[in-house]
Every structure is written in structure tokens, then in C-alpha cells.
Amino acid sequence: SARGASRPRRERRRRRFIKGLLQHSFVLDALEESAANSWKHIEELIEEHRLCSDGSSRLAQAVPTIGEFFTPLPLAATWAAFDARYRVSRRRFVQPSFNEIRQILNEAQVRAFAGEARPGSKNRSSLDFVSFDGDCTLYSDGKNFNDPKLAAQILRLLEAGVVVALVTAAGYGYEAARYEKRLDGLLRVLAAAEPEPETLRRFFVVGGESNYLLQLEQTPGAHHNGKISLVSRADLWDTLDFVAFDETEVTTLLDVAEATITHAIADLGLPDARVVRKPRAVGLLPVAANREQLDETVLRVQEALRRLQLSLPYCAFNGGSDVFVDIGNKKVGVQGLQALLHLQPKSCLHIGDQFLNTGNDYAARSASCCLWITNPDETKAILHTLLDIVDPHAPPPPPP
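All residue numbers refer to positions counted from 1 along the written sequence of the respective chain. Local features in this predicted model are restricted to residues of pLDDT 70 or higher, and side-chain atom pairs are both shown and tallied only at a pLDDT of 80 or more, whereas totals for entire chains, interfaces and linings draw on every residue. As a convention, hydrogens and water are excluded, and side-chain values are obtained from all of the structure's heavy atoms.

Undergrad: Give me the pairing of strand E8 (residues 314-318): which residues, what numbers.
TA: Categorising residues by exposure relies on relative accessible area from a 1.4 Å probe, with only protein chains included: less than 20% of the type maximum marks a residue as buried, more than 50% marks it as exposed, and the intermediate range marks it as partly exposed. The helix and strand labels rest on DSSP assignments: H or I over at least four residues marks a helix, E over at least two residues marks a strand, and numbering proceeds from the N terminus. Counting buried residues along E8, five of its five residues qualify, which places the element largely inside the surrounding structure. Going residue by residue along E8, you find Tyr-314, Ala-316 and Asn-318 tucked away on one face and Cys-315 and Phe-317 tucked away on the opposite face as well. Across five bridges, E8 lies against strand E9 (residues 323-327) in antiparallel orientation. Across the sheet, the residue bridging to Tyr-314 is Ile-327, located in E9. Counting the residues in the hairpin turn of E8 and E9 gives four residues, including Gly-320, whose phi is positive at 100°. Whether two strands pair depends on DSSP finding at least two bridges between them.

Right under this line is the structure:
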């Protein structure tokens, strides 16, 4: 989902490399003795890779598609804590899984943000910014935000001085009411808490991957009743050169994507599917389709668009129950906020569930530290740990 949107499955290859290092120890029944050394070695390889600018690191040689790491990853310490909880090294029949490697990488990234207190700030970490995917990250697929506990965690981030953004494929233009409907449960909690106006203004929405920017504001004169709303910040967003796309290329890309999707509908046996065309996107809405049919459609679109050799960034992805091709991607969306807010990738974190090459969180790996979660419950668990680092002295929020 980066420019070209068809790079190899970088996240899966990285996990496969790590799994391979651990597998030898497991097969030899030596995991308990050697796993810690393996994780320490991986940690050292990552740090060497971070300091190597010419692509000649040992990690790049072993995994040519490896991406950038914006912070060190304390993998040895994270493994020790993870193994103490789950006794992975004591297992004899079930080797460490991809899912466990994903969790260890996530926990190591969270630990990497532990830092010194900043003058005049409650934030006791190096974390300045957290962006979230929407579906399957903050709320169930196709549903609206309705989790008071998760909303309270987001409020704590905002109050600690962290900028929070929803970076979503949902593209409603600047129809703020439609985004507000999706975020209704969050906005209700924020309004009831009556935070300071500057706290509210730390919350943003980037819609259509990277096409529309909205910011949370308190309605003038309404501090006491807590009325808040999202307002267009097109005045800021449209000043960024890298979100100003060539309209001829936009039309060409969407035309080819639409034609490819239309052909896939007939070829893959999806006669009741609909094709929708928007100013910055084209999508496939099937009545019923399995994951393999959707993935096949995405990969066909990616191949067709790659042949165009356009300079335009785009994202072709499987949304779980549909397929969409968007102009722009989450790399552009995150980088746009970084440019406006003067933030560095090493202080930013993106949390999402779609990091395969048919997903739309994949592109954010090039702009920000990332966590790969699988559902909103994992998001809450991650935020619980993250908040202990960002604001360790804050009292826990009241139960919902």
C-alpha cells in the first residue's frame, strides 16, 4: 500500500526470519538456553541496521525487504518478560508462533518509548504522537466507536500532551458529521470530561488515507456543556505539496483500477458486487465474497497500477468485506501530520491491523514506528502499557 502498493510482505518476512532463528533452538530442545541469546542477536542486528545508511547491514543482506527502524528495540528484555509470563521456553511440542513474535515486537516497540520527563509536560516518554487505524483497531469492522474504556485511554493520552489521530480509509470528504457518527462513543466521553480546549485540539482525523484533515474543536461558548465537533482543516492540509496530486494521474489511476475491478467481478464469480467511484477512490462492494477472492482482486489491481508507472502514491487493499483503491496512503497521511506538527518519526507511533501487502496500514511503516494488533481488545491492552510509560503517576481512569 505504498507507492506501487505491491512490495513483498515485509512484515511477514521479518517475522519469518526471526522465527527461523528460534526454530533451530526449539528443534534441538535448547530454547531455554539459547532463546535469550537469539533475541539479543536480533536486537544487535536491528541496531546495526539503524546505523547503516547504505543498505549493507547484515540484516538487510538476510532480509532484503526489511524496512526502517526509527528506534532501538529492546528485544532481549522484552523476551525475558514475555517468557516469564508464558513460559515459552519450557514448551516441548509447540514452537514460538508468528503471533507471539508479533506480540514481542509490539511490546519491545512500546518499551522503546520510555524516556525522561520533559520540562512543563506530564509526558514522561519520547512519544509525541499516536495514530490509529479505525476498523478492527478502535472499533469492530464496519461499526462505530462504542468503548468507554478505550475512550478514557485516548483521553489520558491527550491530557498527557500526546497528539492523537484517526488515520482511516473512510473517505467522507469534509462531511464532519459522518466522521463524528463513526466516533460518537469517543466524542461523548471527551465531551463529558470537559478537558481544556488545547487538549481537544490535539485530536485529528485524516480521512481517505491522506486526503482530508479534520481537527477536534470546542464549539465557541460551549465549554460548560461540553459541545465539541470536528472541523475542516483543509486550510492547513492543502498547503502541503505532497498531498497535492496531479489530477490527470488521479483520473488515469482510478480509471484503470475501476476497469480491473470490473473485470475481476466477472472473472471471479461476483455477479452481485457493486463498483463505487468517489473523487479520490474506487471500490468493490460484494454481496458475498471470501478473503481469497478479495485478495486476488487487490493483487490484480496492484499489478495493473504498477504497470502505469505513475508517481502518484496510492493504496489498493482488502478491507475485510470489500476492496478499495485510494489516492494517497497512510504514509502520506502520517507524514502530513508530522510536517504540520513538526514531529519526527522516532517520536510517532501508528497502531493498526492491516500490515500485509493487501492491507492499508502497511505504508505507515515507512513514516512511523508501528504496532500490529488484531482487534480493539489488543489496542486497549497496548494502551494500558503505553500509558504507564507516558504518564506513570496519573491515577487510573474510573471504571466505565
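Undergrad: Quick rundown of the packing of aromatic side chains? Include the residues and the values.
TA: Any Phe, Tyr or Trp ring, taking Trp's six-membered ring, that has another such ring centre within 6.5 Å forms a pair; planes under 30 degrees apart are called stacked, those over 60 apart edge-to-face, and the others tilted. What the rule picks out here adds up to five aromatic pairs. Here the aromatic rings of Trp-39 and Trp-79 are separated by 6.2 Å at their centres, their planes lie at 20°, and the arrangement is stacked. Placement of Trp-39 in helix H2 (residues 31-51) and of Trp-79 in helix H4 (residues 75-86) is noted, with a sequence separation of 40 residues between them. For the pair formed by Trp-39 and Trp-79, the shared burial category is buried. Here Tyr-174 and Tyr-212 contribute two aromatic rings whose centre-to-centre distance is 5.4 Å and whose plane-to-plane angle is 80°, an arrangement assigned as edge-to-face. One end of the pair, Tyr-174, is in the loop between strand E2 (163-167) and helix H7 (176-182); the other, Tyr-212, is in strand E4 (residues 212-218), with 38 residues separating them in the sequence. Tyr-174 sits in the partly exposed class, given a relative accessible area of 31%. By relative accessible area, which is 15% here, Tyr-212 ends up buried. Remark: a charge is flagged as sitting over a ring if the NZ atom of Lys or the CZ atom of Arg is within 6 Å of the ring centre and within 35 degrees of the ring normal. The lysine or arginine in question, Arg-365, covers the ring of Phe-69, its NZ or CZ lying 5.7 Å from the ring centre.

Undergrad: Residue-level account of the sheet that holds strand E7 (residues 281-285), with values.
TA: The strands that make up a sheet are held in pairs by hydrogen bonds between backbone atoms, and each pair lies either parallel or antiparallel. Overall, antiparallel pairing links the four strands, which are arranged E6-E7-E9-E8 in an open sheet. Each of the sheet's edge strands pairs with one partner strand only, and the pair in question is strand E6 (274-278) and E8. For this sheet, the mean inter-axis angle between neighbouring strands, taken without regard to orientation, is 10°. Residue contacts follow a heavy-atom distance rule, with two residues in contact if any of their heavy atoms lie within 4.5 Å. Fitting a line to C-alpha atoms yields each axis, with helices limited to the stretch in contact; the angle taken between N-to-C directions then spans 0 to 180 degrees. Set on the sheet, helix H11 (residues 247-267) makes contact with E6, E7, E8 and E9; between it and E6 the angle comes to about 175°.

Undergrad: Which residues make up helix H13 (residues 330-341), and what are the values?
TA: Relative to the 16 Å expected for twelve residues at 1.5 Å per residue, H13 spans 16 Å between its end C-alpha atoms, a close match to the ideal helical length. Along H13, the positions that sit buried rather than exposed are Lys-330, Val-332, Gly-333, Val-334, Gly-336, Leu-337 and Gln-338. On the buried face of H13, the contacting elements are strand E1 (129-132), E2, strand E3 (203-207), E4, helix H10 (234-237) and strand E10 (348-352). Polar contacts here mean pairs of N or O atoms no more than 3.5 Å apart (in protein, one a potential hydrogen donor and the other a potential acceptor; neighbouring residues in sequence count only if both atoms are side-chain atoms). N-capping of H13 is provided by Asn-329, with a side-chain oxygen placed 3.1 Å from the backbone N of Lys-331. His-342 sits one or two positions beyond H13 and adopts a positive phi of about 60°. Helices are assigned an expected span. That span is 1.5 Å times one less than the residue count.

Undergrad: Lay out the side chain of Ser-347 in plain terms, naming residues and giving numbers.
TA: Secondary-structure assignment places Ser-347 in the loop between H13 and E10. A residue is classified by how much of its surface remains accessible, and Ser-347, at 6% relative accessible area, is buried. At a separation of 2.9 Å, a polar atom in the side chain of Ser-347 contacts the main-chain carbonyl oxygen of Gln-344. Excluding residues within four positions of it along the chain, Ser-347 makes contact with Phe-113, Ser-126, Leu-127, Asp-128 and Phe-129.

Undergrad: Give a description of the environment of Glu-198 that names residues and reports values.
TA: Within the secondary structure, Glu-198 sits in helix H9 (residues 197-200). The class of Glu-198 is partly exposed, set by a relative accessible area of 42%. Along the chain, Glu-198 and Gln-218 lie 20 residues apart, while their C-alpha atoms are 9.2 Å from each other.

Undergrad: I'd like a description of the side chain of Asn-106, backed by residues and values.
TA: Along the polypeptide, Asn-106 turns up in helix H5 (residues 98-111). In this structure Asn-106 comes out as buried when scored by relative accessible area, which is 5%. Not counting residues within four places of it along the chain, the set of residues in contact with Asn-106 comprises Leu-371, Trp-372, Ile-373 and Ile-382.

Undergrad: If you had to explain the packing of helix H6 (residues 148-159) against helix H8 (residues 184-193) to someone new, which residues and values would you point to?
TA: Where H6 meets H8, the axes come as close as 9 Å, and the angle between the chain directions of the two elements is 55°. When the axes of H6 and H8 are compared, the pair comes out oblique. Handedness of the H6/H8 crossing: right-handed. Of the residues in H8, those touching H6 at Pro-148, Ala-151, Ala-152, Ile-154, Leu-155 and Leu-158 are Gly-185, Leu-186, Val-189, Leu-190 and Ala-193. Amino acid classes used here: Ala, Val, Leu, Ile, Met, Phe, Trp, Tyr, Cys and Pro are nonpolar; Asp, Glu, Lys and Arg are charged; the rest, including Gly, are polar. When grouped by side-chain class, the residues that make up the contact of H6 with H8 number ten nonpolar, one polar and no charged. In what follows, roughly perpendicular refers to angles from 65 to 115 degrees, roughly parallel to angles under 35, roughly antiparallel to angles over 145, and oblique to any angle outside these ranges. Note: crossing handedness is left-handed where the near helix turns anticlockwise from the far helix by less than a right angle, and right-handed where it turns clockwise.

Undergrad: Requested: an account of the packing of H6 against helix H14 (residues 376-390), with residues and values cited.
TA: Where H6 contacts H14, the axes come no closer than 10 Å and their chain directions differ by 30°. Once H6 is placed against H14, the crossing between them reads as left-handed. Contacts between H6 and H14 involve Lys-149, Leu-150, Gln-153, Arg-156 and Leu-157 from the former and Thr-379, Lys-380, Leu-383, His-384 and Leu-387 from the latter.

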